[in-house]
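# Residue-level structural notes
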Amino acid sequence: MSENKKNRFMPLWLSLCVVLGIMIGVFITNHFSGNRLNIINSGSSRLSNLLHVIDDQYVDSVNINELVDKALPQILAELDPHSVYISAKDGENATDDLKGSFSGIGVEFSIINDTLQIQKVTSNGPSEKAGLLGGDKIIAIDGKPFVGKVATNDAARQQLKGAKGTKVKITVKRYGQKLPLTFTVTRDDIIMNSISAAYMLDDSTGYIKVKGFGERTYGEMLLALQKLNLEGAERLVVDLRDNTGGYLNSAVQMLQEFLKKDQLIVYTKGRKSPREDYKCLGKGSYQQMPLIVLINENSASASEIFAGAVQDNDRGTIIGRRSFGKGFVQHQMQFPDGSLVRLTIARYYTPSGRCIQKPFTPGDNKHYEEDILSRYQHGELFSQDSIKHIGPTYHTANGRTVYGGGGITPDIFIAEDTTNYTSYYKEAVLRGFMYQFTTQYLVTHRQTLSQYTEVQSLSKALKKRNVVGDFVVFAEKNGLRRRNNLIRKSHKLIEDYIKTHIIYNLLGEQASIEFLNQDDPMIRKALEVFRKGQSFPQPPQKKGKTRK
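All figures in this text were calculated on a predicted structure; none of them were measured in a lab.

## Points about the overall build of the chain
When helices and strands are tallied, the chain shows 20 helices and 21 strands. The globule rule puts the C-alpha radius of gyration for 548 residues at 24 Å, and the 30 Å found for the chain is more than 25% above it. The dimensions of the chain, computed from C-alpha atoms along their principal axes, are 115 × 90 × 45 Å. Burial status across the chain gives 44% buried among its 548 residues. Restricting the contact set of the chain to residue pairs at least 6 apart, pairs at least 24 apart contribute 69%. A total accessible area of about 30400 Å² is found for the chain, and carbon and sulfur atoms account for 51% of it.

Rendered as structure tokens:
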């Protein structure tokens, strides 16, 4: 066929192809449209496609963002208890502690009887400079009422936090003032210290309380150690009780100060994450300082990395109770809308090879979260013999036996003291009566109590005032039946609770920790170990042959 004839029939062929394509398309649409979801379900993107179908075809209008916020946590819960989704609304708050700062007005508050009440103003912060005081009740923000149902924690954080340099008008009701007072507060950066106390327990023993491992923790620790050095510290207690963790790198940096060159700190390994070793560079200034680490059942993650490295390298003595048991490493990813996913990508292992992640069943977070309660019920918090070691045994550098598969077991066990716990005390705490009383007591007595600038003098003043008796009257008026025998038994617990919160509000966090540590059994044991020169663990004694 000649080239001219081919060109002559080309439009006809193209027309036939178009018609045939339309016919095939109509046939597929008519016969297979009902199987659309089956086709979608065969692909890896079926979740996003399903959401698109819901948004496009569902009988009622649907807020897809809210649907995603509810669905993603359920999906991640099927993996492990620590892979989590954080909505955009909560994303910023979730990272503030780790960053160590945020921009706001600098107050701690609580909501009592649908009213936001300032508990404490940050020293030298924006609110203190503007004239706000602890005990002030916020009744309006930027001229709009802020009481009743609108006064929620989320709403308060949203309206009080903001960009540095921006202003917010706060209207408060102040005790002793008939008319409301309005203050203009200029927001500023608020520093959140992760080291809450650094002071001397005695003439030669320094103490550091670490409540989290954030971006600023290592620098804070160096400053704390320098301060303690100048005060004569020759040995150190690092308190990690109730420290739920934070950044792995922060714990590694801190351990660099205490371990020797080439000692292994921790290693991580996962399916898609090759083994990565973190070793000590040997440049730390405190490699020889006697060291004791305090832990309890709420010490987790980076706290366990710290304690595990100290224990496995026989660098110091671990005192307390078995730690939480979180041996997973999370990688945080942020979506464009500000929401976050923290996905488990690896396990971490202590130098001896222990993964101290406690057992869990995917999708069953309830039992996982109730593990501490289970330990309490089985007596583990009160008896070392009740600790169940479910993992294999490992050995430290000098041959001591340690355990994996469920937290760090301390070298020296200290039982939780519940001797004076009574049903009256528990009910007073759980129903919020003690907190409410302390808050109200501060409002009415703040000016008088502010003259006491030291822990001991304030503690003695509160004892003379018989704050326990005042509390009992307050609680009875609010529906807690007076039970004199139980009150006598729990008298010190009630008094210490009230004193601690008042000291915290008036003298600061470190002062409240100093007060609690005065009669703390773990602190007493740590000082005893130091006095006996036993903070560096010794190799187990070899059993000799028996002579006949």
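## What about the packing of helix H3 (residues 46-57) against helix H4 (residues 64-77)?
Pairs of packed helices are described in terms of their axes, by the angle between the two and the distance that separates them. Their axes nearest at 12 Å, the elements H3 and H4 cross at an angle of 150 degrees. Taken together, the axes of H3 and H4 lie roughly antiparallel to each other. In terms of crossing hand, the pair formed by H3 and H4 is right-handed. Across from Leu47, Leu51, Ile54 and Asp55 in H3, the residues of H4 making contact are Ile64, Leu67, Val68 and Ile75. Its residues assigned to classes, the contact of H3 with H4 comprises seven nonpolar, no polar and one charged.

## Digging into the confidence of the model for the chain
Residue-level pLDDT values for the chain average 89, and 91% of them are 70 or greater. For residues 26-37, every residue scores under 50 in pLDDT, and the model assigns this stretch four contacts once sequence neighbours within four places are set aside. Here residues 39-43 is modelled with pLDDT under 50, and outside its nearest four sequence neighbours on either side it reaches four contacts, counting other chains as well.

## Thoughts on the sheet that holds strand E15 (residues 291-295)
Pairing within the open sheet is mixed, and its six strands lie in the order E10-E11-E12-E15-E16-E21. This sheet does not close on itself; its edge strands, each paired only once, are strand E10 (195-200) and strand E21 (412-413). Alignment of E10 against strand E11 (residues 205-210), held across five bridges, turns out to be antiparallel. For alanine 198, the partnering residue across the bridge sits in E11 and is isoleucine 208. This element, helix H8 (residues 217-230), spans E10, E11 and strand E12 (235-239) of the sheet and lies at about 15 degrees to E10. The strands touched by helix H20 (residues 521-531) within the sheet are E11, E12, E15, strand E16 (317-320) and E21, with E15 carrying the most contacts at an inclination of about 160 degrees.

So, how was this worked out
Residues numbered from 1 in each chain as written. Predicted model: local features only at pLDDT ≥ 70, side-chain atom pairs only at ≥ 80, totals over all residues. Heavy atoms only, no water. Helix = DSSP H or I, 4+ residues; strand = E, 2+ residues; numbered from the N terminus. Rg over C-alpha atoms; globule rule 2.2 N^0.38 Å. Buried < 20%, exposed > 50% of the residue type's maximum accessible area, 1.4 Å probe, protein only. Contact = heavy atoms within 4.5 Å. Areas by Shrake-Rupley, 256 points an atom, 1.4 Å probe, with all protein chains shown as cover. Axes fitted to C-alpha atoms, helices over the stretch in contact; angles between N-to-C directions. Parallel < 35°, antiparallel > 145°, perpendicular 65-115°, else oblique. Left-handed = near helix turned anticlockwise from the far one by under 90°. Nonpolar A, V, L, I, M, F, W, Y, C, P; charged D, E, K, R; others polar. pLDDT = per-residue confidence, 0-100. Pairing = 2+ DSSP bridges.

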